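# Breakdown of the fold
Here's the letter readout for the chains.
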Amino acid sequence: MDDFYCEERNLGAYFEAEWLEVLRAQGDNTPLACASKPVPDAFVISPFYREVSQFIAACCQQADVAPSHYLEVGPALGRVTYETLRRFPQIRQSWLVEPSQRLLSHCQKLLMTPGCYAFPYIQGLNERGSLVIDTTVIASACQHSEITCINAPFDGKTLTVQADLTVCLNVLDQCQSPLTIMDALKQSTRSGGVLVVSNTYQWQKKHLLDAEDAVDDINQYFETTGWDKLNDTDIGYGFRFNERFSKHFLSHVVGYRKRG
Ligand SMILES: C[S@@+](CC[C@H](N)C(=O)[O-])C[C@H]1O[C@@H](n2cnc3c(N)ncnc32)[C@H](O)[C@@H]1O
């Protein structure tokens, strides 16, 4: 593989799942070309990003946290980053830790570089269409925050700072050591701050170094004292692989407040 996580042919799946919804909200109704009969947008867009962003905002409200420092681990193309920065104009510093250079470079185009960019979407099994997105409005919604991007896997040495809001979605079962990431996420969240984590429980030998690190409920990672549960839910999460074939997961999302 020529990237830490995302092959070129998979970029379109991330782009359409995360950003087609925003493009449509901006008034661009360019139909998606399709190798077979056209498919509706609802089959292409993953509702996960909108719904989990509402969950994150509700957790902050419940914990009475108005975040000024935000950390997201594994943001992929940054849709949740965008939704979070849009909701919280007081966030002045964000750290994005994304080991995939491919995903991070496109995330930076979307969030930090106003302009028009062509992004791929899935037209057929080995065919990609292309949509032009004007990132001016997106970048302007994020510009109140300094965004520091770190192109590396996340562990306890990646950052020495602490965030009021820390988010890590659908990463734990895709990495070598979920316990290392969980420990680092907890350490990187300040006392009184909020940590939101989700997982689809697709544990695989090709990722996990130690099979014992796999859990069947991410609430177990918070059994140590010092964390108060805010909320817990399941949200549908999907990507297309072909124009009429998608994989639909159920992502388990939990929110906790670090005791202060
Ligand atoms: C299934 S994607 C999820 C992306 C996005 N958060 C979402 O919910 O759609 C998994 C993400 O985890 C990232 N990742 C994998 N191993 C990682 C690690 N050790 N540290 C940080 N991120 C990692 C990948 O680069 C990718 O962005």
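In the annotation of an unreviewed UniProt entry, the entry for the protein reads Methyltransferase type 11 domain-containing protein, and the organism field reads Photobacterium ganghwense.

So, about the overall build of the protein. Within the protein, the secondary structure is distributed over seven helices and nine strands. For 260 residues, the compact-globule formula gives about 18 Å, and the C-alpha radius of gyration of the protein, at 18 Å, lands near that figure. Structurally, the protein occupies a C-alpha span of about 55 × 40 × 30 Å along its principal axes. Within the protein, buried positions represent 56% of all 260 residues. Intrachain contacts of the protein at a sequence separation of at least 6 include 76% that bridge at least 24 residues. Total accessible area on the protein stands at roughly 11,600 Å², and carbon and sulfur atoms take up 49% of it.

With that settled, the discussion passes to helix α4 (residues 79-87). One full turn of an α-helix is made of 3.6 residues, so residues set three or four places apart face in the same direction. Counting buried positions along α4 gives seven out of nine residues, so the element sits mostly inside the fold. Within the sequence span of α4, burial applies to R79, V80, T81, Y82, E83, T84 and L85.

Formed by 58 residues in total, the largest nonpolar core has its most connected members in W19 and V196. For this core, the element with the highest residue contribution is helix α1 (residues 11-25), accounting for nine residues. The next biggest cluster of nonpolar side chains, apart from the first, holds 25 residues, and it includes F154, C175, L195 and W227.

Okay, the pattern of salt bridges next. Applying the stated criterion across every chain, the model contains twelve salt bridges. Residue R9 pairs with E7 through a salt bridge whose shortest N-O separation is 3.1 Å. Take E7: its relative accessible area is 28%, and that puts it in the partly exposed class. Residues R79 and E21 are paired through a salt bridge, measuring 2.9 Å at the closest nitrogen-oxygen approach.

A word on the packing of aromatic side chains. Enumeration according to the criterion identifies twelve aromatic pairs in this entry. Seen from their ring centres, Y49 and Y237 are 6.3 Å apart, and the 65 degrees between their planes marks the pair as edge-to-face. Here Y49 is found in helix α3 (residues 48-62), whereas its partner Y237 is found in strand β8 (residues 227-242), with 188 residues between them in sequence. Summarising the burial analysis for this pair, Y49 and Y237 share the class buried. With a centroid separation of 6.5 Å and 65 degrees between ring planes, the pair formed by Y117 and F119 is classed as edge-to-face. Accessibility expressed as a relative area gives 18% for Y117, which makes it buried. What makes F119 buried here is its relative accessible area of 1%. Aromatic rings pair up to connect Y14, F48, Y49, Y237, F239 and F249 into one cluster. Over the face of the ring belonging to F222 we find K186, whose NZ or CZ atom lies 5.7 Å from the ring centre. Here the guanidinium or amino end of K247 rests over the ring plane of F241, the centre of that ring lying 4.5 Å away.

For the ligand, the set of nearby residues contains 21 residues, the closest of which are Y49, G74, E98, L169 and Y237. Taking L169, its main chain carries an N or O atom lying 2.8 Å from a nitrogen atom of the ligand. The contact in question runs from an oxygen atom of the ligand to an N or O atom on the side chain of Y237, over 2.8 Å. Taken by itself the ligand offers 590 Å² of open surface, and the protein chains cover 95% of this.

The rules we used
- Residues numbered from 1 in each chain as written.
- Predicted model: local features only at pLDDT ≥ 70, side-chain atom pairs only at ≥ 80, totals over all residues.
- Heavy atoms only, no water.
- Helix = DSSP H or I, 4+ residues; strand = E, 2+ residues; numbered from the N terminus.
- Rg over C-alpha atoms; globule rule 2.2 N^0.38 Å.
- Buried < 20%, exposed > 50% of the residue type's maximum accessible area, 1.4 Å probe, protein only.
- Contact = heavy atoms within 4.5 Å.
- Areas by Shrake-Rupley, 256 points an atom, 1.4 Å probe, with all protein chains shown as cover.
- Core = buried A, V, L, I, M, F, W, Y, C linked by side-chain atoms within 4.5 Å.
- Salt bridge = Lys/Arg side-chain N within 4 Å of Asp/Glu carboxyl O.
- Phe/Tyr/Trp six-rings, centres within 6.5 Å; stacked < 30°, edge-to-face > 60°.
- Lys NZ or Arg CZ within 6 Å of the ring centre and 35° of its normal.
- Near = heavy atom within 4 Å.
- Polar contact = N/O pair within 3.5 Å; in protein donor to acceptor, adjacent residues only side chain to side chain.

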